[in-house]
Every structure is written in structure tokens, then in C-alpha cells.
Amino acid sequence: MSNSMTLAEILERRGVSRRGFLKFSAGIASLMAMPPSMIPRIAAALENARRPSLIYLSFQECTGCTESLTRSHAPTLEGLIFEAISLDYHHTLQAAAGYGAEAARLQAMEENAGSYLVAVDGSVPLADPGYSTIAGVSNVDMLRETAEGAAAIIAIGTCASFGGIPHANPNPTGAVPISDIVKDKPIINVSGCPPIPTVITGVLAQYLTFGKLPELDDLGRPKAFFGQTIHDRCYRRPFYEKGQYAETFDDEGARKGWCLFRLGCKGPVTYNACATLKWNAGTSFPIESGHGCLGCSEPNFWDKGSFYDSLSATQWGSPANLGAAALAGAAIGAGSAMLARRQQKKAQEKQS
Amino acid sequence: MTLLDFARGPAMQWALIIFTIGIFWRLVGTVLLYRRRDFSQPRRKSGLPDGARAIVMRSVLPPELEHNIVFQHVTGYLWHIGYFVTVLFLGTHIPFFKSLLGFGWPHLPNAIVMIAAAVSLAVLVMLLVRRMLHPVLQKISTSDDYISVIVTILPLITGLISYANIGFIKETNLALHILSVELLLLWFPFGKLMHLFMTFPSRYQVGAAFGRRGVKA
């Protein structure tokens with residue numbers, strides 16, 4: 001498919017109706033919290049958009065992010081939009097391998113210098129670059145080389161955004177997020193383990209529409225999708241407000257669909273769009289399936305204690321610490337009492 | 001490490017360690033203090049009835065002081081009860097105690113606890129303002145009085161803000177609430193808040209000592 005074709009031409013060739021396309025545009029406007037008046041502008045911009053080159057790099061990851069993307073209940077408009085991007089390199093998906101595949105990456109970089117997008121999933125190991133290599137090139141070298149001529153970088157998933165599971169204590173590979181290595185390019189963090197496919201396509205659609213990157217929060221995530229917590233939009237929120245909680249996964253509260261806060265739900269401190277966009281073609285999201293949010297789109301979510309510890313539960317250390325503190329306190333108390341006794345005795349001796 | 005991680009983790013650990021050291025220091029230090037031997041003939045075999053009676057009688061309004069201290073008496077009970085209901089029976093507080101003690105207990109509906117918290121806060125603020133404006137209270141108040149009231153009020157304010165989710169974002173509100181509780185724990189053993197542990201034993205002690213001499217406490 002030629003990169004010079006517009007998106008409208010590509011979609012038309014694939015049999016997508018005008019009505020379907022406008023529905024998608026309206027969906028994108030709604031996702032990004034834009035007024036309805038923006039729909040024609042989005043549609044016009046998307047229709048005339050040329051296919052930007054996208055180089056997709058996979059580093060220290062589990063392929064969950066790519067799985068999420070490819071299983072975006074195809075064939076959907078989102079899927080087509082993604083296909084409409086010129087995905088010039090994705091070593092998990094592409095048939096080519098070895099030097100041929102790398103040549104495709106280098107060619108895409110050369111032909112689209114300064115305008116291509118780089119999507120990265122996975123973190124980058126720095127302890128020993130040999131921990132993760134592609135065609136003999138270390139992840140850090142490949143990232144630096146590919147990022148150099150990129151217009152922007154999309155860090156897909158929590159590993160690329162914040163280090164993710166490879167970064168978890170004790171971080172044996174010295175894993176770091178993309179933002180620790182690339183400092184001179186705009187980076188959009190689309191976190192989540194994995195991220196919601198609609199969020200990835202939404203970010204790409206925004207780039208196609210406006211030719212610029214979306215507004216980001218302080219962690220570099222698009223505000224349109226990460227502006228509110230799971231808790232803010234959770235359908236179980238009224239139960240939280242009333243103080244009605246499931247205490248176990250099979251008690252009456254769980255059966256009645258009460259709040260999962262006390263079962264460890266991290267929804268109140270997790271920013272993502274799961275509660276609104278949902279998963280599997282909008283079927284449900286973890287809380288709807290009866291399990292609390294793990295907080296997977298937040299940095300260091302793996303190192304924040306048990307997934308089943310409530311946010312109110314304290315990480316108070318060990319009983320040994322408090323036992324030692326009690327003994328130390330008792331010793332100080334005994335010492336001060338002895339001191340007071342001695343002074344009293346002296347005072348009494350003086351009086352007598 | 002985020003502010004919430006800090007509040008839930010290291011800050012809580014150190015606050016509890018200092019709290020425990022302070023409590024044991026004060027309790028053991030007080031118990032082991034020198035006491036003059038009482039050579040009088042004991043009027044009763046056991047100090048238990050008089051000690052227990054003193055605990056009860058000192059907790060009710062004495063008729064002879066009814067007009068003088070009724071305001072402090074009622075407001076004192078009001079905010080203490082509200083405070084304990086809030087601390088011990090809010091649904092989201094139980095996991096804290098469960099993580100600390102290994103067991104939990106049933107909670108009350110949020111609507112009831114929030115009313116208790118609001119009443120407690122209103123009364124505490126009123127008492128603080130009164131302390132600051134009343135000419136006699138001004139003179140007899142020490143820094144301990146002010147610090148103790150303020151560190152007691154702060155968790156209520158931050159807790160209500162966190163519940164209503166206003167001001168900062170949720171995790172900052174929650175972190176500030178936990179930090180305010182840690183401030184309370186840090187100050188607790190070193191000021192008059194220690195009365196939580198001292199009041200009833202000292203009432204018992206006075207009652208038992210008076211009873212031994214045949215005097216009503």
C-alpha cells in the first residue's frame with residue numbers, strides 16, 4: 001500500500017462506508033473529550049491524512065502489548081486505522097527476519113527522516129546490553145539510532161513508559177523506561193499492562209488529525225485517556241460512597257457487586273480509561289469481572305505490595321521492628337525511672 | 001517513590017516505631033517511679049472496688065460542678081465519641097487495623113461515620129477557637145495544648161477532604177491524610193494525648209489509694 005494514499009482512499013478501498021467513517025470520527029472526538037463541533041474537522045483531517053511511517057520496536061517485553069493491539073477485535077475501524085499507518089517495521093509481526101527486516105527499518109528511517117513515528121514496547125536493559133538484542137544490536141543502541149530521526153516516540157505499555165515488570169525490584173537487568181534514554185524527542189507514554197488498544201489507536205488518530213501530539217499529564221500520558229482515575233468512572237463507585245464493600249471474593253457483597261476497595265482495588269489511584277473504554281470490544285473491564293484494579297498503568301505498580309492489600313492497609317514493616325521498639329522504649333522508661341528515683345533519694349537525704 | 005508510597009511505607013514504619021518507643025517509655029517510666037510506702041492500716045482487702053468506682057465516677061458530671069463544667073463535659077464527650085466512631089468504624093479504616101493487628105471488625109455505613117466525623121471536627125474547632133479567645137484559657141494553655149488539638153484535628157480535615165475528593169488529586173489527598181495520622185502518632189506519646197493510656201489507670205490508682213484509707217475518691 002502506497003504511503004502517498006490518503007486515509008480516505010485506503011478506507012474506501014477496504015469497503016468502509018462514509019457513515020462508518022464518521023461514526024469513528026465521532027468516537028475519537030468523544031474519547032478525547034472534544035465537542036461535537038470537532039467531528040467534521042477530525043473527519044476531514046483523517047480523510048486527507050497521509051500514512052505516516054511507524055517503526056515498532058519491541059524490547060524487554062512479554063508481547064502482551066502487541067497482543068492487545070492485534071486483538072483489537074478486528075476487523076474494526078480502529079484496526080483499519082492502525083493498518084492505515086504504514087507499519088514499516090515490527091519484528092514480532094513481520095514475516096521478514098534478520099538482515100532483511102533490519103534493512104526495512106533502516107530504509108523507513110531514511111525515507112521518512114524527521115517525520116516517522118517510533119512505537120516502543122518493553123523496557124531497555126542497561127546492566128548488560130547483551131540481555132536483549134535484535135539482530136545483534138542491543139536495545140539501547142537500536143533505540144538511540146531509531147529515535148534520532150523520529151518525529152515522536154510512543155512508549156506503549158508500562159514497561160516502555162515506566163520500566164514495568166522488568167524494572168521491578170531487584171531489577172536484575174537494569175531495566176529503564178524509554179524516557180531515561182531518549183531526552184530530545186517528544187515521548188507519549190501509553191501505559192498499561194497491556195494498554196487499551198483503543199487508547200493506542202486514539203493517540204495515533206489524534207496525531208493524524210492534528211499533526212501534533214496530545215496534551216499529556218505529568219507522567220507523559222495523554223490526558224484524554226489518563227485524565228481520570230478508574231475510581232472516578234467506576235460503576236461500583238456508589239457502593240464505595242455508601243461504605244458497602246466486598247470482604248472476600250465470594251461473599252454476599254461480592255455477589256451483589258459491591259465495591260472492591262477492601263479486596264485491594266487500586267482504582268482510586270490509577271489513571272486509565274478501562275472503566276469507560278473497557279476491553280474486548282467494550283465488553284467489560286477487570287472490576288466488572290469481579291477483580292480489583294491492579295494499578296497496572298502506574299509506575300512501579302509491581303513493587304507496591306500485594307495486589308490484594310487495600311490502599312488503607314499500611315506497609316508497617318515487621319512485628320520484630322515494633323517488638324524492638326517496645327523493648328527500647330521500656331529500657332528508656334526504666335532508665336529514666338531509675339534516674340528519677342536516685343534524684344528523689346538524694347533530695348530526701350538532703351531533707352533529713 | 002510517590003508521596004503516597006512514602007506515606008504508606010517508610011513514614012508509617014517510622015511513625016509506628018517512634019510511637020511504640022514513646023508509649024513504652026512513658027508507661028514503664030511512670031509505673032517504675034518511686035512511690036512512698038503507705039504505712040496506714042488498709043480499710044479494704046482489695047483496691048479493686050474503689051479503683052473501679054473512681055473510673056466510673058470521674059467519668060460522669062459531678063453534681064457540685066454541674067454548672068461550671070457542663071459545656072466542657074458535653075463537648076468533650078461529643079468529639080471523643082465522634083472521633084472514635086470515625087477512627088474505628090469507617091469501612092476504609094478497618095483494613096489498616098487488620099494489616100496492623102491481624103484482625104478486623106464490622107464497620108458502620110459511611111453516612112453515619114461522616115456525620116460523626118463532621119460533628120467531631122466542628123466541636124474540636126470550636127474548642128480550639130475558645131481556647132484561643134477565652135482570657136483564662138489563654139493564660140493556662142501551653143504549646144502542648146495547641147499542638148495536641150491541631151494534630152488531632154488534621155486527620156479529620158484531611159480525611160474528610162480525601163473522602164470528598166476535593167482539592168488535590170485523590171492520591172495526594174490520601175497521602176496527606178496518612179501523613180497527618182503519622183504526625184498524630186509522632187506527637188502522641190510526648191504530649192497530653194498520652195491521656196488515652198494514662199486516664200483510666202490513674203483514676204484507678206487514685207480510687208484504690210483513697211479507698212485504702214477509707215476515703216471516697
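This structure is a prediction, so every number in the text was calculated from the model and none was measured.

1. Considering the packing of helix α7 (residues 143-164) of chain B against helix α8 (residues 170-187) of chain B
Angle between the axes and distance between the axes: these two values describe a pair of packed helices.
All names here are of chain B.
Line of reasoning, step 1. Orientation of α7 relative to α8, taken along the N-to-C sense of each, is 155°, at an axis distance of 8 Å. By the angle class used here, α7 and α8 are roughly antiparallel. Where α7 crosses over α8, the two elements pack in a sense that is left-handed. Contact residues: α7 offers Asp144, Ile147, Ser148, Val151, Thr152, Leu154, Pro155, Thr158, Gly159, Ile161 and Ser162, while α8 offers Lys170, Asn173, Leu174, Leu176, His177, Ser180, Val181, Leu183, Leu184 and Trp187.
Line of reasoning, step 2. Looking at side-chain class alone, the contact of α7 with α8 contains 11 nonpolar, eight polar and two charged residues.

2. Here we look at unusual backbone geometry
One can expect most non-glycine residues to show negative phi and most peptide bonds to be in trans.
All names here are of chain A.
Line of reasoning, step 1. Omega for the peptide link from asparagine 169 to proline 170 comes to 10°, which places this bond in the cis form.
Line of reasoning, step 2. You can see proline 170 is positioned in the loop between α8 (158-162) and β8 (175-176).
Line of reasoning, step 3. Between cysteine 193 and the following residue, proline 194, the backbone shows a cis peptide bond with an omega angle of 0°.
Line of reasoning, step 4. Notably, asparagine 171 is not glycine yet its phi reads approximately 45°, a positive angle.
Line of reasoning, step 5. Mapping asparagine 171 onto the fold places it in the loop between α8 and β8.

3. Brief notes about a nonpolar patch on the surface
Line of reasoning, step 1. A contiguous nonpolar surface patch, about 550 Å² in accessible area, is contributed by Ile332(A), Trp14(B), Ile18(B), Trp25(B), Leu186(B) and Phe190(B).
Line of reasoning, step 2. Considering every element that reaches the nonpolar patch, the biggest residue donor is helix α1 (residues 3-31) of chain B, with three residues.
Line of reasoning, step 3. Relative to the helices and strands, Ile18(B) resides in helix α1.
Line of reasoning, step 4. The class of Ile18(B) is partly exposed, set by a relative accessible area of 33%.

4. Some thoughts on the interface of chain A and chain B
Line of reasoning, step 1. In this assembly, 37 residues from chain A lie in contact with 35 residues from chain B.
Line of reasoning, step 2. Summed over both partners, the interface of chain A with chain B comes to about 3,400 Å²; 56% of that surface belongs to carbon and sulfur atoms.
Line of reasoning, step 3. At the boundary of chain A with chain B, the tally comes to one salt bridge.
Line of reasoning, step 4. Our enumeration of links across chain A and chain B arrives at 17 residue pairs in polar contact (both at pLDDT 80 or more).
Line of reasoning, step 5. Looking at the side of chain A that touches chain B, the elements with two or more residues in it are α11 (237-242) and α14 (319-351) of chain A.
Line of reasoning, step 6. The dominant element in the side of chain A that touches chain B, judged by the number of residues it contributes, is α14(A), at 16 residues.
Line of reasoning, step 7. Classifying every residue of the side of chain A that touches chain B by side-chain character gives 18 nonpolar, 12 polar and seven charged.

5. Some details on the domain arrangement of chain A
All names here are of chain A.
Line of reasoning, step 1. Taken domain by domain, chain A comprises domain 1 (52-226) and domain 2 (231-351).
Line of reasoning, step 2. Computed from C-alpha coordinates alone, the two centres of domain 1 and domain 2 are separated by 35 Å.
Line of reasoning, step 3. Every contact between the two is made by 21 residues of domain 1 and, on the other side, 17 residues of domain 2.
Line of reasoning, step 4. Applying the counting rule to domain 1 against domain 2 returns one salt bridge.
Line of reasoning, step 5. The residue arginine 221 makes a salt bridge to glutamate 298 at a minimum N-O spacing of 2.9 Å.
Line of reasoning, step 6. Examining the composition of the side of domain 1 that touches domain 2, we find that three residues originate from one element, helix α9 (residues 197-210), more than from any other.
Line of reasoning, step 7. For the side of domain 1 that touches domain 2, the per-class residue count stands at 12 nonpolar, eight polar and one charged.

How each quantity is defined
Residues numbered from 1 in each chain as written. Chains lettered and ligands numbered in written order. Predicted model: local features only at pLDDT ≥ 70, side-chain atom pairs only at ≥ 80, totals over all residues. Heavy atoms only, no water. Axes fitted to C-alpha atoms, helices over the stretch in contact; angles between N-to-C directions. Helix = DSSP H or I, 4+ residues; strand = E, 2+ residues; numbered from the N terminus. Parallel < 35°, antiparallel > 145°, perpendicular 65-115°, else oblique. Left-handed = near helix turned anticlockwise from the far one by under 90°. Contact = heavy atoms within 4.5 Å. Nonpolar A, V, L, I, M, F, W, Y, C, P; charged D, E, K, R; others polar. Patch = residues over 30% accessible without salt bridge, like charges linked within 9 Å, V, L, I, M, F, W, Y side chains within 5 Å. Areas by Shrake-Rupley, 256 points an atom, 1.4 Å probe, with all protein chains shown as cover. Salt bridge = Lys/Arg side-chain N within 4 Å of Asp/Glu carboxyl O. Buried < 20%, exposed > 50% of the residue type's maximum accessible area, 1.4 Å probe, protein only. Buried area = accessible area lost by both parts, 1.4 Å probe. Polar contact = N/O pair within 3.5 Å; in protein donor to acceptor, adjacent residues only side chain to side chain. Domains from an automatic or database assignment.

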